[in-house]
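The chain contents come next:
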Amino acid sequence: MIIRKPQALKDHDVTDESLYRGRRKFIKTMGAGSILLGSSLAGNVLNAKARQDDLKNELTSYKDITTYNNFYEFGTGKSDPAKNAHTLKTSPWSVTVDGECAKPGSFALEDLLKPMQTEERIYRFRCVEGWSMVIPWMGFELGKLLKRFEPTSKAKYVYFETLLDPEQMPGQKRSVLEWPYVEGLRIDEAMHPLTLLATGIYGKDLLNQNGAPLRLVVPWKYGFKSIKSIVKIHFLEEQPISSWQKANAVEYGFYSNVNPNVDHPRWSQKRERRIGEFRKRKTLFLNGYADEVAALYKGMDLKKYY
Ligand SMILES: Nc1nc2c(c(=O)[nH]1)N[C@H]1C(S)=C(S)[C@@H](COP(=O)(O)O)O[C@H]1N2
Ligand SMILES: [Mo]
């Protein structure tokens, strides 16, 4: 549990970094067992530990993570969300869980989160546009939350919705996408221990531009699957259609797994630029998480199910 100073942190980030260290100590004394690994990765501990250690040295700066964003509800430019997202009111916040489950309901965010133990997960994050980051999320496994609602045998997929409120989210006054932003996962993807609901970054609560107060993080999929500012979770039998599929089904599929061997129709996906670096890196199959998640797609043609 030793924290080295991440190379990506510059001097101006030092306040963030010390806050981050402070919070980590606090979490540790709360008795969260393996913060870096997450208990459900126990079967793959050595691998996961080695990867977390590597990624610790590659952390993207807090400044970059919070000022270079995609959140079309606040504009389509990368710097728009940091400038505009202050109009979003994240408290009070409630989340509705319904559909194919025995225990649906609407919950105040505090009540929803109370039983969840937050831990840190350092994940690669790869946007379909060709940039990437390494982000130290605070969050918990989505699957642990979903189980509480007792999904039925018909719950083959999970669907998520972002808040719909053009007054708080002025980008929704323009029809760049169909609003609200929606996303979906197959139930086994949603239940996979790598899939997180995030509430923070660098040990601090999420800023609005990163999807406060609650956003999805699916590290082996392109960034647009990681839907922000969630107000609804719905279990269903049929595969839902995501916002980007609705916008352009030829370019964006339901699965959207990071895959250097399947190009986007307008550009190659073989390489990526890590924000904060100039050289390009090779994009890894399933974003480097193949050991954990390749089995989910056994026998599937990933060129067809892109
Ligand atoms: N509601 C909503 N969620 C969203 C988006 C969005 O425009 N609206 N953009 C997606 C895209 S394309 C990416 S790359 C990530 C960016 O997350 P970040 O800004 O926290 O890095 O959020 C995803 N989630
Ligand atoms: Mo993205």
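Our subject is the structure that appears above.
Residues numbered from 1 in each chain as written. Chains lettered and ligands numbered in written order. Predicted model: local features only at pLDDT ≥ 70, side-chain atom pairs only at ≥ 80, totals over all residues. Heavy atoms only, no water.

Asker: Quick one: what's the story with the overall build of the protein, residue by residue and with numbers?
Answerer: A tally of helices and strands in the protein yields nine helices and twelve strands. Going through the 306 residues of the protein one by one, you find that 55% of them count as buried. Here the contacts in the protein between residues at least 6 apart in sequence split such that 71% fall between residues at least 24 apart. Of the roughly 13700 Å² of accessible surface on the protein, a fraction of 54% belongs to carbon and sulfur atoms. (Helix = DSSP H or I, 4+ residues; strand = E, 2+ residues; numbered from the N terminus. Buried < 20%, exposed > 50% of the residue type's maximum accessible area, 1.4 Å probe, protein only. Contact = heavy atoms within 4.5 Å. Areas by Shrake-Rupley, 256 points an atom, 1.4 Å probe, with all protein chains shown as cover.)

Asker: Talk me through unusual backbone geometry; I want residue IDs and the actual numbers.
Answerer: Cis geometry marks the peptide bond from Ser91 to Pro92, where omega comes out at 0°. Take Pro92: it is sitting in the loop between helix 4 (80-84) and strand 1 (94-99). Positive phi, close to 50°, is recorded for Ser256, a residue that is not glycine. As for its placement among the helices and strands, Ser256 is situated in the loop between helix 8 (243-247) and strand 11 (271-274).

Asker: Tell me what's going on with the sheet that holds strand 6 (residues 182-186), and back it up with residues and numbers.
Answerer: The sheet built from five strands is open, its strands ordered 2-1-10-5-6 with mixed pairing. Two strands lie at the open edges of the sheet, namely strand 2 (105-108) and strand 6, each paired on one side alone. When the angles between neighbouring strand axes are averaged without regard to direction, this sheet yields 15°. (Pairing = 2+ DSSP bridges. Axes fitted to C-alpha atoms, helices over the stretch in contact; angles between N-to-C directions.)

Asker: Describe the site of ligand 1, with residues and values.
Answerer: For ligand 1, the set of nearby residues contains 17 residues, the closest of which are Asn69, Tyr72, Glu73, Thr162 and Lys228. Residue Asn210 places a side-chain N or O atom 3.0 Å away from an oxygen atom belonging to ligand 1. Ser226 places a main-chain nitrogen or oxygen 2.9 Å from a nitrogen atom of ligand 1. Protein chains shield 98% of the accessible area of ligand 1, which is 530 Å² for the free molecule. (Near = heavy atom within 4 Å. Polar contact = N/O pair within 3.5 Å; in protein donor to acceptor, adjacent residues only side chain to side chain.)

Asker: An account of the pairing of strand 1 is requested, with residue identities and associated values reported.
Answerer: When strand 1 meets strand 2, the two strands line up antiparallel, connected through four bridges. Bridging across to strand 2, Ser94 finds its partner in Ala108. Counting the residues between successive antiparallel strands, the hairpin from strand 1 to strand 2 contains five residues. The pairing of strand 1 with strand 10 (residues 230-236) spans four bridges and is parallel. Note that in strand 10 the partner of Thr96 across the bridge is Lys232.

Asker: Can you tell me about the environment of Leu194, naming the residues and giving the values?
Answerer: Of note, Leu194 is situated in the loop between helix 7 (187-191) and strand 7 (196-201). A C-alpha to C-alpha distance of 8.6 Å links Leu194 and Leu142, two positions 52 residues apart in sequence.

Asker: Give a description of the packing of aromatic side chains that names residues and reports values.
Answerer: Tallying each qualifying case throughout the model produces 15 aromatic pairs. Look at Tyr62 and Tyr202: their rings are 5.8 Å apart centre to centre, the planes differ by 80°, and that puts the pair in the edge-to-face class. Of the two residues, Tyr62 sits in helix 3 (residues 62-67) while Tyr202 sits in the loop between strand 7 and strand 8 (204-205), which places them 140 residues apart along the sequence. The pair Tyr62 / Tyr202 is uniform in exposure class, with both members buried. Within the aromatic cluster, the residues linked to one another by ring pairs are Tyr157, Phe254, Tyr255, Tyr297 and Tyr305. Here Lys204 stacks its cationic end above the ring of Tyr62, 4.2 Å away from the centre of that ring. (Phe/Tyr/Trp six-rings, centres within 6.5 Å; stacked < 30°, edge-to-face > 60°. Lys NZ or Arg CZ within 6 Å of the ring centre and 35° of its normal.)

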